[in-house]
Every structure is written in C-alpha cells, then in structure tokens.
Amino acid sequence: MICMGVTASAPAKVIMFGEHFVVYGEPAIVLAIDKRAYARVEQRKDGKLFFRSLNLSLSGYFENGNFKVEEGDAREARLRFEPLKCVVDKVLEKSGERVGLDIEVNSAIPVAAGLGSSAATAASVAAAVSALLGVKAAKEDVFRIAFEAEKITHGTPSGVDPAIATFGGALMFQMDTGFRPIEVKCEIPLVVGDTGVNRSTRVQVMKVRGVMDRHPHIFRFMREIAREIVLEALEALKRGDLEALGELMNLNHALLYGVGVSDESLEWLINAARKAGATGAKLTGAGGGGCMIALAESERIGKVLEAVQTAGGRAFIAKKTDEGVKIEQG
Ligand code: PMV
C-alpha cells in the first residue's frame, strides 16, 4: 500500500581519529553528530522523478532517462541528483512499482566539507522512498543502497560515510575488517569549525602518498603511531576520559600536520580553539581546508565556539548521536 508522504532523516559524521592512515589499513574512529539531512517523498500523478534540494536551491526531473533542470545550474543539479536517482531506482526495483515521485531534500549539514552530507542525504532518501512504497528495508539495505549512491558521488569511497549515516553512534572502521560499533561512556561535546576553504579528498590523499613514497621508513612509524592513538582513544572513550581524548586528538593532528594535510586556515581555527580552553583539537577528514573539530568540557564549549567563530570559522556545537537513519513522519 502506498501512503501520502514520508519524511526520513540521517546524521552527519566526523572522523574523530585515524583519517588518512585508514587508507593504509589502520583503524579510524567515526562519530555520528546531531546535524541531519532530511528527505520528504510524495507520489506524483505523472511518471516523473522530480528532485528538489532546498539547501542548494536546485531542482529538476528525470523522465524517460533524460534530466531537465528547473532551478539552478543544470550541470550541478544533475551531479547532485544522479546519485539520488540511483537510490530511488534501486527501491523502485525492489517494490516492483513504477511510479512518479517528488523527492525534496534539505540538509542542515555543510556541503562538501567532509561531514558526510551526500551519504546522509542518500540514506534518508532510501529510507523515505522505501517507507512510502511499503518496501521492507532493514538498515543493512539502506546502507547498501546509500553506498551505491556514494560510489557515483565519490568514485571509490571507503563506505564509512553511508555506514555512520545509517547506523549512527560511534564506529571503528578498518579496510580489511569493515566497521563495528564502539562503546562510548560519555557525552562528546565538540565544536565543528568549517574553514570554508574548498578541498579535494583525492588531492590530499595523493599528497600523503607522496610522503609515503619519499619516506617509507618514517611513514611506517607514523602509521604505527596512528594505530596506537586509535587504540588508546578506544579505551578513553570507554572510560569517558575527555582529557585523554583531547590529548590524543592533539597527537593525531600533529601526525596529520606532519604528512602535510593541514593548512593555514585549519591551523588558525585549531589554535583559536586550544587557546580558548579546548582539551584537544584537530582537522577532521581529508584536510587542506574543510573542517576541524575541538573537544571541550561542557562548561567551556561556548567559549571555544565563540573563539572559532571569531577566528573566521563557520562553527557549531555538535554532540554524538545514536540515531542513525530514521523515519520522522509518515
Ligand atoms: O573529508 P572526507 O570525509 O572525504 O574524509 C576523507 C578521509 C580520508 O581518510 C582522508 C580518505 C578515506 O578514503 O578514508
């Protein structure tokens, strides 16, 4: 049975420890944070798949395999909506229905900043369309579909973004073993600061590869340190030890700085956060711009936020959320 309209949502993510070294097989720790992407889906009378992004001011539709833009730049609209169309097609395939749909997405997650906005959007579209069409979709199904969409968006992603958007909470991720939920005994009050500097994950990953090629012996030790930081961080998360976590974040950032993926804009915000009393701060994700995170005791978090904003960052306070993809209404 098809109902009137359904809204679903999924969370953003931050990589708390282990980015870049994860590419070489080391573990990383990822958290879902309480900023979400939303998707509202309704059935249409015609056969069109009509997409609208409220946050990007883009809209257009697919009809008989062709894309027609209605609002915004045609190329950008197609780029954003093609992965979402893949999501919808997969659910339609499962349902055996061939219906037209209005799919409206709205993401409160900064776009292209390494916070997993595209994966959260894909997961929420998968969940909303499944619920609308009465297709049973376990979280594993939503994850698989969102992962396919991410391959269109990012080429060869690790899968960590769709995983955290779907399951929420905190995950440890490693290339050969995949991801597993981890135990966290405390609130993790973070300030996320977006430098607003555009970066490319691919370029930053290549930069690190260059360092490894030129200094294989040193890089091997850096990998070992990165692994040790993640293992100690797991223990600190279990104990709820914010002091230790902050210090480990600083150590992790030092490694990332060492392999060349920090930049002036990140350093500026990280220093501002530390000066304002953060227990630790580091870049998160690919680096070279994008976002940093700072950890602070609850009573200091306001000051740290203010400092990062004053230093020019677009910043907000984020907390870990255990809520992965979910139906909001429908
Ligand atoms: O900024 P993001 O979300 O694209 O994170 C990239 C994380 C890296 O470790 C640098 C690359 C990867 O594929 O894991």
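Residues numbered from 1 in each chain as written. Predicted model: local features only at pLDDT ≥ 70, side-chain atom pairs only at ≥ 80, totals over all residues. Heavy atoms only, no water.

### Re the sheet that holds strand β10 (residues 280–284)
In step 1: Spatial ordering of the open sheet is given by β10-β11-β9-β12, a layout of four strands whose pairing is antiparallel. Since the sheet does not close on itself, it has two edges, and those belong to β10 and β12 (314–318), each with one partner. The sheet shows a mean angle of 20 degrees between the axes of neighbouring strands, taken without regard to direction.
In step 2: Across five bridges, β10 lies against strand β11 (residues 291–295) in antiparallel orientation. Opposite T284, over in β11, you have C291 as the bridge partner.
In step 3: Sheet strands in contact with helix α7 (residues 242–258) are β10 and β11, and its direction is about 45 degrees off that of β10. (Pairing = 2+ DSSP bridges. Helix = DSSP H or I, 4+ residues; strand = E, 2+ residues; numbered from the N terminus. Axes fitted to C-alpha atoms, helices over the stretch in contact; angles between N-to-C directions. Contact = heavy atoms within 4.5 Å.)

### A short note on the nonpolar core
In step 1: Formed by 104 residues in total, the largest nonpolar core has its most connected members in F17 and L101.
In step 2: Per element, the largest residue contribution to this core is ten residues, and it comes from helix α2 (residues 117–133).
In step 3: Three or more residues apiece are contributed to this core by two domains, here domain 1 (5–183) and domain 2 (190–318).
In step 4: The residues contacting F17, other than those within four sequence positions of it, are A28, I29, I229, V230, A233, L245, L248, M249, N252 and K282.
In step 5: Within the second largest apolar cluster, eleven residues are counted, among which are A32, F147, V160 and I164. (Core = buried A, V, L, I, M, F, W, Y, C linked by side-chain atoms within 4.5 Å. Buried < 20%, exposed > 50% of the residue type's maximum accessible area, 1.4 Å probe, protein only. Domains from an automatic or database assignment.)

### Describing the site of the ligand
In step 1: The local shell around the ligand consists of K13, I15, E19, H20, V22, V23, G114, R199, T201, V205, G285 and A286.
In step 2: The contact in question runs from an oxygen atom of the ligand to an N or O atom on the side chain of K13, over 2.7 Å.
In step 3: Within the contact set of the ligand, an oxygen atom lies 2.9 Å away from a backbone nitrogen or oxygen of H20.
In step 4: About the coverage of the ligand: the protein hides 84% of its 380 Å² of free accessible area. (Near = heavy atom within 4 Å. Polar contact = N/O pair within 3.5 Å; in protein donor to acceptor, adjacent residues only side chain to side chain. Areas by Shrake-Rupley, 256 points an atom, 1.4 Å probe, with all protein chains shown as cover.)

### Overview of helix α8 (residues 264–275)
In step 1: Its twelve residues give α8 an end-to-end C-alpha distance of 16 Å, which sits within 8% of 16 Å, the value for a rise of 1.5 Å per residue.
In step 2: Among the residues of α8, S265, L266, E267, L269, I270, A272 and A273 are the ones counted as buried.
In step 3: Residues of α8 that are buried make contact with β9 (190–194), α7, β10, β11 and α9 (301–310).
In step 4: At the exit of α8 stands G277, carrying a positive phi of roughly 105 degrees. (Expected span 1.5 Å × (residues − 1).)

### Section: the packing of helix α3 (residues 139–154) against helix α4 (residues 160–167)
In step 1: For the pair α3 and α4, the least separation of the axes is 9 Å and the interaxial angle reads 145 degrees. Considering how the two elements wind past one another, α3 and α4 form a crossing that is right-handed. Where α3 approaches α4, its residues K139, E140, V142, F143, A146, F147 and E150 are matched on the opposing element by D161, P162, A163, T166 and F167. (Left-handed = near helix turned anticlockwise from the far one by under 90°.)

### Topic: the domain arrangement of the chain
In step 1: Structurally, the chain comprises domain 1 (5–183) and domain 2 (190–318).
In step 2: The centre of domain 1, based on its C-alpha atoms, is set 26 Å off from the matching centre of domain 2.
In step 3: Between domain 1 and domain 2, the contact holds 28 residues from the first and 40 residues from the second.
In step 4: Of all residues in domain 1, the largest losses of buried area upon contact with domain 2 belong to H20, F21 and Y24, amounting jointly to 27% of the total for that side.
In step 5: Counting across the interface, domain 1 meets domain 2 through three salt bridges. (Buried area = accessible area lost by both parts, 1.4 Å probe. Salt bridge = Lys/Arg side-chain N within 4 Å of Asp/Glu carboxyl O.)

### Observations regarding α2
In step 1: With 17 residues, α2 extends 24 Å between its outermost C-alpha atoms, agreeing within 8% with the 24 Å of an ideal straight helix rising 1.5 Å per residue.
In step 2: The element α2 is extensively covered by neighbouring structure, given that 15 of its 17 residues are classed as buried.
In step 3: The first or second residue beyond α2 is G134, which carries a positive phi of 70 degrees.

### Here we look at the side chain of D141
In step 1: Looking at where D141 falls in the secondary structure, it is placed in helix α3.
In step 2: Looking at D141, its side chain comes within polar contact range of the main-chain nitrogen of A138, at 2.9 Å.

### As for the pattern of salt bridges
In step 1: Enumeration over the complete set of coordinates arrives at 23 salt bridges.
In step 2: In this structure, the salt-bridge partner of D161 is K13, at a minimum N-O distance of 3.0 Å. Linking D161 in helix α4 with K13 in strand β1 (residues 5–17), this pair joins segments that are 148 residues apart in sequence.
In step 3: Classification of D161 by relative accessible area gives buried; the value is 17%.
In step 4: Given a relative accessible area of 5%, K13 falls into the buried group.
In step 5: Each of R44, D46, K48 and D102 takes part in one network of salt bridges that share partners.

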